[in-house]
Amino acid sequence: MGFQCAECGYKGKQSSQGACPACGSFKLALKSNLDSERENSDKRRRLKSIALVLLWLYLAFLISQKIYGS
Ligand SMILES: [Zn+2]
């Protein structure tokens with residue numbers, strides 16, 4: 001697991017004090033965490049679009065039932 005400094009872009013393995021060795025900034029981003037988070041949001045977006053399509057199909061079904069139903 002590595003980290004990247006948000007201030008100067010320094011990439012390192014593990015910081016002992018939780019600060020960037022290059023510039024001393026505490027804004028460190030864990031690389032592996034960031035990647036998995038991006039993957040999760042991608043999955044969530046895909047699920048949301050699928051749910052939206054299903055909702056529209058259901059709505060179209062209800063409308064057609066109303067028109068051709070009785
Ligand atoms: Zn830095």
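Everything quoted here is computed from the prediction, not taken from an experiment.

Turning next to the overall build of the protein chain. Each helix and strand in the protein chain was counted, giving one helix and three strands. The 70 residues of the protein chain split such that 4% are buried. Long-range contacts, defined here as pairs at least 24 residues apart, represent 20% of the contacts in the protein chain between residues at least 6 apart.

Judged by pairing direction, the sheet is antiparallel, and its three strands sit side by side in the order S2-S1-S3 without closing on themselves. With one partner strand each, in any of the chains shown, strand S2 (11–12) and strand S3 (28–30) form the two edges of the open sheet. Where strand S1 (residues 3–5) meets S3, three bridges bridge the pair, whose relative direction is antiparallel. The residue bridging Phe3 from the neighbouring strand is Leu30, located in S3.

Confidence in the prediction of the protein chain, expressed as mean pLDDT, is 85, and 86% of residues score 70 or more. Taken element by element, the protein chain is modelled with least confidence in S3, mean pLDDT 83, and with most confidence in S1, mean pLDDT 88.

Cut-offs applied
- Residues numbered from 1 in each chain as written.
- Predicted model: local features only at pLDDT ≥ 70, side-chain atom pairs only at ≥ 80, totals over all residues.
- Helix = DSSP H or I, 4+ residues; strand = E, 2+ residues; numbered from the N terminus.
- Buried ≥ 20, exposed ≤ 12 C-beta atoms within 10 Å, placed from the backbone.
- Contact = placed C-beta atoms within 7 Å.
- Pairing = 2+ DSSP bridges.
- pLDDT = per-residue confidence, 0-100.

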